[in-house]
Amino acid sequence: MTNNYNYYKKLLNEFVSFKSISTDETFIPEINKTVDWLEKLFKSSGFKVKILKGKTTNPVVFADYKVSDKLETVLIYGHYDVQPANKADGWHKDPFTLFERNKKLLARGVVDNKGQVLIHIVTAINLIKSGGLKYNLKFLIEGNEETSNPDLPILMKKYKKDLKCNIVVVSDGELTNNKPSIEVSLRGGFNCTLTYTTGKNNLHSGIYGGGVPNAAYELSKFIGNLYNSNTSVSYNDFYKNVDRIEKSQIVNNVNLIKGGNSITKLAGVNSLLTENNYDFYTQTGLRPTIQVTGIKSGYIDNGYANIVPATAEVRLNFRIVESQTAKSVFLGFKKYVAKNTPKYIKYELTTNGFHDPIKVDTNNQYVVDVEKLLEESYKSKVGRKYVGGAIPFVGDVKKILGVDTLLISLGNEDCNMHGANENFDIDLIQKALEFSNLFLRNQ
């Protein structure tokens, strides 16, 4: 084990001990402890630190280290907030105490995202000590990535001068087959809630059942009609402006899958369901989708309530691709709802979280250079990954700062982020530290 790893593990042990859960206000004292810890760490290493505060969200830590006006500047983004975790959820030990098992380090946030951003922090600290930094460095570490952060774009505009840089780096995802890849696109999207109301209150199913509209049934019909038998969305306007998938992209995606872990096994499902026999990465990275994320209606507690439900609600998550926009897709869905909801039903449609898809300029010299460094560190060919998820911050970077983002995931594919026993493979930690050192070091 290298000194870098030992120092990294020491800091990680401290970092993950803070219960910096952003979904629950009772953990605000832990959030503040985390911010204080980061501020102290950066200042002790020679960074200038500002704590940026929005109206409603947790503090954002901004750290700046300048080597020379002649050097380019790299801004590294991360987040210190984590998902909730309890030992009762299935953890082997306390999720906020770092422990080692089967050559992995386990704790909440060990990959998402404390462990990944700490890779670059530790590298920076060591290179500052040795005088070996290749770039001026800035870190932007927020505390509301897990809950969305409406204040972050506002803060980025307010502190645009401070955040000025040549490139942004984000390490907040998983490797593919534990081999390196550059993430070259992200899906955009939004959430919405559709509520059906068929009457002023629930009715007795014996007296009224079969003679009046049932909100649960009516909404179920709507949901069922939203999809075709091949899992695609049923109305054509949903696919308006979707970029054509190139053969080279499919070849790339099929190669990512070859020789890798079983996706069905990783997901814990019996089968994959894709359109037109697309491979998994083409389906999730280059095709849009609407996913039902929750349904609520009627009575589901102990026993039975013999009612005809008067209200039903479905929550939907939209994922869109280049060259779609979130607002135009929502307007198309709004028209579809109006056209396909019976006149005897009152409905309400609400939405939030619009963010557009991102496509990385793969001709960017940083992309070319980083691919070479990844190949050297991991001793493996570097893939290009079209990602189904989203990082709204990346879109804000392009719009507000006018620069591109390098999306370089460092976590193992079975890291189980957001789940019990979240873990970071020790061998991959070593390789990530080596890559970060090659990237930031003055050759």
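Residues numbered from 1 in each chain as written. Predicted model: local features only at pLDDT ≥ 70, side-chain atom pairs only at ≥ 80, totals over all residues. Heavy atoms only, no water.

A. Up close: the overall build of the chain. The number of helices and strands found in the chain is 14 helices and 18 strands. The C-alpha radius of gyration of the chain comes to 24 Å, within 12% of the 22 Å expected for a compact globule of 443 residues. Here the C-alpha coordinates of the chain stretch approximately 80 × 50 × 45 Å along the principal axes. Of the contacts formed within the chain by residues at least 6 apart in sequence, a portion of 79% connects residues at least 24 apart. With the model as given, the accessible surface of the chain reaches about 21,600 Å², and the carbon-plus-sulfur share is 48%. Taking the 56 positively charged and 46 negatively charged side chains of the chain as two groups, their mean positions are separated by 2 Å. (Helix = DSSP H or I, 4+ residues; strand = E, 2+ residues; numbered from the N terminus. Rg over C-alpha atoms; globule rule 2.2 N^0.38 Å. Contact = heavy atoms within 4.5 Å. Areas by Shrake-Rupley, 256 points an atom, 1.4 Å probe, with all protein chains shown as cover. Lys, Arg positive; Asp, Glu negative; His and termini not counted. Charge placed at Lys NZ, Arg CZ, Asp CG, Glu CD.)

B. Representation of the packing of aromatic side chains in the model. Inspection of the entire model under this criterion finds 23 aromatic pairs. With centroids separated by 5.8 Å and ring planes inclined at 90°, the aromatic side chains of Phe190 and Phe330 adopt a geometry described as edge-to-face. Residue Phe190 is found in strand S9 (residues 188-197), and its partner Phe330 is found in helix H11 (residues 326-340); the two are separated by 140 residues along the sequence. In this structure Phe190 comes out as buried when scored by relative accessible area, which is 1%. When the centroid spacing of 5.9 Å and the interplanar angle of 5° are considered together, the rings of Phe435 and Phe439 count as stacked. With a gap of 4 residues between them, Phe435 and Phe439 both fall in helix H14 (residues 426-440), about one helical turn apart. (Phe/Tyr/Trp six-rings, centres within 6.5 Å; stacked < 30°, edge-to-face > 60°. Buried < 20%, exposed > 50% of the residue type's maximum accessible area, 1.4 Å probe, protein only.)

C. The arrangement of the sheet that holds strand S18 (residues 423-425) in detail. As summarised here, the arrangement of the 3 strands in space is S4-S5-S18, forming an open sheet in which the pairing is antiparallel. Each edge of the sheet is formed by a strand with only one pairing partner; in this case those strands are strand S4 (99-101) and S18. Strand after strand, the sheet turns through a mean of 30° between neighbouring axes, direction not considered. Relative to strand S5 (residues 104-106), S4 is paired through 3 bridges, and the arrangement is antiparallel. Bridge assignment links Glu100 to a residue of S5, and that residue is Leu105. (Pairing = 2+ DSSP bridges. Axes fitted to C-alpha atoms, helices over the stretch in contact; angles between N-to-C directions.)

D. Examining the sheet that holds strand S11 (residues 289-297) more closely. Taken in spatial order, the 4 strands make up an open sheet running S11-S13-S9-S14, and their pairing is antiparallel. Two strands bound the open sheet, and with one partner strand each, they are S11 and strand S14 (346-355). For this sheet the average axis-to-axis angle between neighbouring strands, irrespective of direction, equals 15°. As defined by bridge partners, S11 adjoins strand S13 (residues 311-320) across 8 bridges and the pair is classed as antiparallel. When the bridges of S13 are listed, Ile290 appears paired with Phe318. Lying on the sheet, H11 is in contact with S9, S13 and S14; it crosses S14 at an angle near 170°.

E. Looking closely at the pattern of salt bridges. Scanning all chains against the criterion turns up 18 salt bridges. Two residues, Glu100 and Lys9, come together in a salt bridge whose shortest N-O distance is 3.3 Å. Taken together, the positions of Glu100 in strand S4 and Lys9 in helix H1 (residues 3-15) put the pair 91 residues apart, joining distant regions of the chain. Note on Lys9: relative accessible area 29%, which makes it partly exposed. Where Glu30 meets Lys33, a salt bridge forms, and the shortest distance between an N and an O atom there is 3.4 Å. You can see Glu30 and its partner Lys33 sitting in helix H2 (residues 28-44), 3 residues apart, about one turn around the helix. A single network of salt bridges, built from pairs that share partners, joins Lys104, Asp414 and Asp425. (Salt bridge = Lys/Arg side-chain N within 4 Å of Asp/Glu carboxyl O.)

F. Local environment of the nonpolar core. Of all hydrophobic cores here, the largest spans 94 residues; its most connected members are Phe42, Ile121, Phe139, Phe393 and Phe439. Not counting chain neighbours up to four residues away, the residues in contact with Phe393 comprise Tyr77, Leu140, Leu152, Met156, Val168 and Val170. Counting 29 residues, the second largest nonpolar core, distinct from the first, contains Tyr235, Val314, Leu316 and Val329. (Core = buried A, V, L, I, M, F, W, Y, C linked by side-chain atoms within 4.5 Å.)

G. Inspection of the pairing of strand S3 (residues 73-79) at higher detail. Of all 7 residues in S3, 7 are buried; the element is thus mostly enclosed. Side-chain alternation along S3 places Thr73, Leu75, Tyr77 and His79 on one buried face and Val74, Ile76 and Gly78 on a second face that is also buried. Taken together, the 7 bridges between S3 and strand S6 (residues 136-142) define a ladder with parallel strand orientation. Within S6, the residue paired with Tyr77 across the bridge is Leu140. By the bridge criterion, 4 bridges tie S3 to strand S7 (residues 167-170) in an arrangement that is parallel. Bridge pairing links Ile76 to Val169 in S7.

H. Just the side chain of Asp151, in detail. In this fold, Asp151 is placed in helix H4 (residues 151-158). Lys55 provides the closest opposite charge to the buried, salt-bridge-free Asp151, at an N-O distance of 7.4 Å. If sequence neighbours within four positions are ignored, Asp151 has contacts with Gly54, Lys55, Thr56 and Thr57.

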